[in-house]
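# Observations on chain architecture
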Amino acid sequence: MAIIHHTTLKPSKLELLTTWLPTRPWYTGTGTPELTKAGGFRLDDPEGEVGIEFMVAVDSSGPEPVAYLAPLTYRAAPLPGADHALVGTMEHGVLGPRWAYDGIHDPVLRTELLALFEGRAQAQAQSLTDTPDHEVTHSYTGPGLPTGPGEVTEDRDGTGLALPDGTVLRLHRRPRPTAPEGAAGQVSGAWDAPDGTRARAVFATLHTSRSAG
């Protein structure tokens, strides 16, 4: 169970994302983002070592606000071989130095996200300790999903992770209203839209060799 500490972070997560987002091919802005933390959820690391957060940050720098999905992991030491995935480092008021990574490159996040698809992991509230987030829904129809190394690719639409059996996990960095046709599984969640309503969309989908998309 992850313990949520209400303390200081220097720099803040949003400050790290403000620098990192414009380096991504799926970022649609043309300048410096103006970010607001709008929602998301967490997953627990069974070993209790790695923080796992799926943050929705809304960028209001353009003509229309755009929501981005940032799956992040927080570690007490650098993740070997993952320098390319480092979002930045922070000083946590309780835990000390923390290394923040683009979570799709972190094996702990990948394992727990696949467990969420299969219903073996429970989404947790973003800012509360030991509180399930029932707004997060999941579905998957298929055989057991493999864990282990996978190839990560990025394009203008988001991020793909090719699993050892040929299944592709797709992160929709700009969450989409519905899953692509033929998706074998999906994870959906909610966040606070700038107009004060509660927005809901698909965060991630699974695509097998037998599914389209």
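Notes on the structure follow. (Residues numbered from 1 in each chain as written. Predicted model: local features only at pLDDT ≥ 70, side-chain atom pairs only at ≥ 80, totals over all residues. Heavy atoms only, no water.)

## A look at helix H2 (residues 107-117)
The buried fraction of H2 is high, at nine of 11 residues. Turning to H2, its buried residues are Val108, Leu109, Arg110, Glu112, Leu113, Leu114, Ala115, Leu116 and Phe117. A side-chain oxygen of the first residue of H2 lies 3.0 Å from the backbone nitrogen of Val108; this N-cap is Asp106. Count one or two residues on from H2 and you reach Gly119, which has phi positive near 80°. (Buried < 20%, exposed > 50% of the residue type's maximum accessible area, 1.4 Å probe, protein only. Helix = DSSP H or I, 4+ residues; strand = E, 2+ residues; numbered from the N terminus. Polar contact = N/O pair within 3.5 Å; in protein donor to acceptor, adjacent residues only side chain to side chain.)

## With respect to the pairing of strand S12 (residues 185-192)
The buried count for S12 comes to six of eight residues, which makes it a mostly enclosed element. Note that S12 and strand S13 (residues 198-207) share eight bridges and pair antiparallel. Residue pairing for S13: Ser188 is matched across the bridge by Val202. Turn length for the S12-S13 hairpin, with the two strands adjacent in sequence and antiparallel, is five residues, and the turn residue Gly196 shows positive phi of about 95°. (Pairing = 2+ DSSP bridges.)

## Some details on the packing of aromatic side chains
Under the criterion given, the structure shown has six aromatic pairs. Both rings, one in Trp26 and one in Tyr68, keep their centres 6.1 Å apart while their planes meet at 40°; by these two values the pair is tilted. Taken together, the residues span a long stretch of sequence, with Trp26 in the loop between helix H1 (13-20) and strand S2 (35-43) and Tyr68 in strand S4 (residues 66-75) at a distance of 42 residues. Like Trp26, the residue Tyr68 is buried in the burial classification. Among the aromatic residues, those joined into a ring-pair cluster are Trp20, Trp26, Tyr27 and Tyr68. (Phe/Tyr/Trp six-rings, centres within 6.5 Å; stacked < 30°, edge-to-face > 60°.)

## As for the pattern of salt bridges
Per the counting criterion, the structure on display carries 12 salt bridges. Between Glu154 and Arg24 there is a salt bridge, and its shortest N-O distance comes to 2.9 Å. Here Glu154, found in strand S9 (residues 151-155), pairs with Arg24, found in the loop between H1 and S2; they are 130 residues apart in sequence, far enough to count as distant. Owing to a relative accessible area of 27%, Glu154 belongs among the partly exposed residues under this scheme. A salt bridge links Arg170 to Asp155, with the nearest nitrogen and oxygen atoms 2.7 Å apart. Of the two residues, Arg170 sits in strand S11 (residues 168-176) while Asp155 sits in strand S9, which places them 15 residues apart along the sequence. Given the relative accessible area of 15%, Arg170 is considered buried. Where salt bridges share partners, they join Lys13, Lys37, Arg42 and Glu53 into one cluster. (Salt bridge = Lys/Arg side-chain N within 4 Å of Asp/Glu carboxyl O.)

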